[in-house]
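Residue-level listing of the chains:
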Amino acid sequence: MADFESAKAFLLQASDHSGLSVYEHLSTLITRLLDERPNNAADVVEQLSFQIKADKFAPEDSLKDQPETPDNVLTAKARSTLLKHETEIPEDEAEPEQVVPNLLDLARYFADADVGLGEQEMFRIFLALKQLAEQQPLKSVTFWGKIFGTEQDYIIAEAEYREGEEPQPEEEERPDEQPETPDEGEEDEENGVTPLPKSTYKPPPDLPTEEYGAGTNKKVYFVCNEPGQEWHLLPNVKPKHISVCRQIRKRFTGRLDAPVVAYPPFAGTEMELLRAQIARITAGTHVSPVGYFTFDEEEDDGDDEARDNFIVDEEFEGKSLAELLEADLSGWVHHAPYILPQGRSKWVNPNLKGEEDELDEEDEDEDEEEEEEIEPEAGPPLLTPLQNDDDVDGLPAWSTRLSSTAHPAYACVRVSSNRWPGAHAFAVDRKFANIYIGDGLKYQAEPFSPQLPPPAQVEYSGEDVAEAVDPTRQEEEEFEAQMAEEEEDDLDDEDEDEDD
Amino acid sequence: MDVQSLSPALDHLSSSGIVLSTERRVSLDTSLTLLMHAEKLKQVKYWGRIQGVAADYHIAQGSNDDGYATKSFYSMDCIRWAQLPEIHPVLAKSCAKIRGRFTGNPSHEFTVEAIRSEETKGDGSIVVTTTITEEKRLAAAVAAIDKETRIVPRGAYRMTPSDVVERNHGFGGLSHQAAGKIESYMHFRQPITLLSKSPLERARMDQGLDFMDSISDDIPKNCWSIQYQNGSKAVVLRSLIWPGFVFFHTPNSPLFGHAYVGTGQRNNDLIFELP
């Protein structure tokens, strides 16, 4: 009897954690089994026991921070600004030129080729582009693509301003003319301290940025994290950003003001890095079927330099699928200008200074001529076929696919860049489009090794700084003896003085 | 992605760039049902696709019970499926050394140079070359991706008293707050880092739920990108070590899944890329 009492007392002990006793738990379990009478009761008994415990389980932090407006409500609020229904039915006569292309139609072709963001998101982006076209004086706006960030993603729109509404070119910053901060050395000199040596390093001069409408800044780019949020205009890309961007490898965070910590140092925030990567991706991957764009023959005067503008060939009837699928990619051309190693599409001589400076420094012209002439950098001209692209890691730079094998007659052709994974283009009949959905990083065949910092400066080896040899004990003794003698002499002298 | 719940899964994965065309979905629906029947499997999942230069490989995985063991299959057209071979750990190591893209031809041969240092003859090392077919490399890549990325929410699986890992039918999804924390997700594999935990750390764990490695112990830190997406309806985790792997979980519901669409190459440069 005593055994039974002690056993029952043990079973009735409440647990430290949950406050539950075995007795109580088992009785609930048996009650529930008898209530529910499940099939194969013996097999599910653990699960039921677990379930009973889970039902009772009270989370430790039952007081949770409840944000004033939950995230999903905030997102929904942002999205609701997009939802406006046009009540007016467009009249047939005046067919205004559409600013936003039929993105949903293009997205369907991409979706057939296993590329895209899903129907719903594409529709939201379409509405967001429409909103952008209402806010800004734009001639055309298209969906450029999406870049994944570690915290948020970027949705990017590519746009052109209407003629006459272009933003005024910003005044070029002149870092040279910045008032020099008063040297601390001067103060030191006044105090009688030797001034610290000054750095003789002069950064190479910044190359001029291409203006809106030319080369890498032919179009402007707007970016947002979520369709419905405010669009941010990205600044014009600078050549120095492109050249540094080529040497570093950084993932995006999703915050435009995030710092870019890299070596060589990147002068700017993630906004500039994003713009530079967009310029590189556009230059490398924007392609169209051969014949869609053509050079304007009226303006063409045979000069190569005139060939930086092209127009849509209205007579173009589309390429056949077989031509587009051609393994040597002769059916496709690049229609974005190539970016030269210096970070511009049009080469400028970095040694030539601005015009104003030239007038001031005519005397120095002779010196300049002695300087080595720099070989102008040159890239492939516009509308170069893809077959001239360099191989990527021994494999072709582009992969071609037919979207459907079930019924090829209605299929479209997709080309995907192997150099910029995530860049795709499709074409069928007269339709084509480019899209980028990826991390914003270039394919790298070899492991990435960042540039090493320059070697440390050599230690100063001036002759005026000589190291003395430590005296030996013997020399010290000699010195002390000598000092003692002199002191004695001094004392003697003083004595003599006193005597006087 | 379960074949039965392909569409809801794609709704959440599509914003990360993982989409399947209607043709592919129709083919998968039919061919995977037939595959499940022919191979006598209890469940078959669409795993993802590995992009080759000339063609893509679609991968499906099947299993008979809830445990870790799976069988992998590949297909070029989503219609005819072939089983991927089992890969010996030594071969898997050689496969990890292969650089470059998949070509898209399963019989393509890669040559790998391995240095055997134990056989000291003259200069001290002998270079041994082995040839590996792309099919074997594919099998090794799928296994390697699974090992580092196959994750489940904490509580979705449990360890029974008889040490059997099984689906927890009482799992109702993580709470909204917990779903946004990296600690709430575990590697669905035999534990590796768990064994090196101190007894003090293990004392705080729930034996029935914390029997797998948490992904918060993965190296380097921040190798997972975690975001609320689709108007905070779903949490999306992207692996930065295997770019292209995307996992989603809808808080307060038992739905979760993952897919991989990428080139099948591990990102060993991640440490330089992290912001």
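Residues numbered from 1 in each chain as written. Chains lettered and ligands numbered in written order. Predicted model: local features only at pLDDT ≥ 70, side-chain atom pairs only at ≥ 80, totals over all residues. Heavy atoms only, no water.

All names here are of chain A. Spatial strand order, E4-E3-E2-E1-E12-E11-E10-E9: eight strands in an open sheet with mixed pairing. At either margin of the open sheet sits one strand with a lone partner, and together these are strand E4 (232–233) and strand E9 (398–402). By the bridge criterion, five bridges tie E9 to strand E10 (residues 413–417) in an arrangement that is antiparallel. By the bridge assignment, Arg401 is partnered in E10 with Arg414. Contacts from helix H9 (residues 270–285) reach strand E1 (138–147), strand E2 (154–161), strand E3 (220–224), E9, E10, strand E11 (423–428) and strand E12 (431–438) within the one sheet, and its direction differs from that of E2 by about 70°. (Pairing = 2+ DSSP bridges. Helix = DSSP H or I, 4+ residues; strand = E, 2+ residues; numbered from the N terminus. Contact = heavy atoms within 4.5 Å. Axes fitted to C-alpha atoms, helices over the stretch in contact; angles between N-to-C directions.)

With that settled, consider the nonpolar core. Residues and elements named next belong to chain B. Counting 40 residues, the largest nonpolar core has Ile50, Ile59, Leu138, Tyr157, Tyr185, Met212 and Leu237 as its most contacted members. Those elements giving two or more residues to this core turn out to be strand E1 (43–51), strand E2 (56–63), helix H4 (134–149), strand E7 (151–153), strand E10 (185–187), strand E12 (234–239), strand E13 (245–249) and strand E14 (256–262). When residues in this core are grouped by element, the largest group, five residues, is from H4. Mapping this core onto the domain boundaries places at least three of its residues in each of domain 1 (6–87 + 140–263) and domain 2 (89–139). (Core = buried A, V, L, I, M, F, W, Y, C linked by side-chain atoms within 4.5 Å. Buried < 20%, exposed > 50% of the residue type's maximum accessible area, 1.4 Å probe, protein only. Domains from an automatic or database assignment.)

Residues at a pLDDT of 70 or more form 96% of chain B, whose mean pLDDT is 88. Highest mean pLDDT in chain B belongs to E13 of chain B (95); lowest belongs to strand E5 (residues 109–116) of chain B (79). (pLDDT = per-residue confidence, 0-100.)

What follows covers the interface of chain B and chain A. Counting residues at the interface gives 46 residues for chain B, matched by 51 residues for chain A. Roughly 3800 Å² is buried in total at the junction of chain B and chain A, and carbon and sulfur atoms are behind 45% of that figure. Contact with chain A buries surface across chain B, with Val53, Phe272 and Glu273 of chain B losing the most and accounting together for 15% of the total. Where chain B meets chain A, there are six salt bridges. The closest approach of N and O atoms between Glu273 of chain B and Arg251 of chain A, which form a salt bridge, is 2.9 Å. Scanning the region where chain B abuts chain A turns up 27 residue pairs in polar contact (both at pLDDT 80 or more). Among the secondary structure elements, those contributing two or more residues to the side of chain B that touches chain A are helix H2 (22–38), strand E11 (224–229) and helix H7 (270–273) of chain B. Counting residues per element, the side of chain B that touches chain A draws most heavily on E11 of chain B, which supplies four residues. (Buried area = accessible area lost by both parts, 1.4 Å probe. Salt bridge = Lys/Arg side-chain N within 4 Å of Asp/Glu carboxyl O. Polar contact = N/O pair within 3.5 Å; in protein donor to acceptor, adjacent residues only side chain to side chain.)

Let's shift gears to a negative patch on the surface. Negative charge collects at one region of the surface, where Glu485, Glu486, Glu487, Glu488, Asp489, Asp490 and Asp492 of chain A lie side by side. Along the polypeptide, Asp492 of chain A turns up in helix H13 (residues 473–499). (Patch = residues over 30% accessible without salt bridge, like charges linked within 9 Å, V, L, I, M, F, W, Y side chains within 5 Å. Areas by Shrake-Rupley, 256 points an atom, 1.4 Å probe, with all protein chains shown as cover. Lys, Arg positive; Asp, Glu negative; His and termini not counted. Charge placed at Lys NZ, Arg CZ, Asp CG, Glu CD.)

Considering the arrangement of structural elements, one finds Arg249 of chain A in the loop between helix H8 (239–245) and H9. A distance of 2.9 Å separates polar atoms of two side chains, one belonging to Arg249 of chain A and the other to Gln444 of chain A. If we ignore the near neighbours within four places in the chain, the residues touching Arg249 of chain A are Leu441, Lys442, Gln444 and Phe448 of chain A together with Asp269, Phe272 and Glu273 of chain B.

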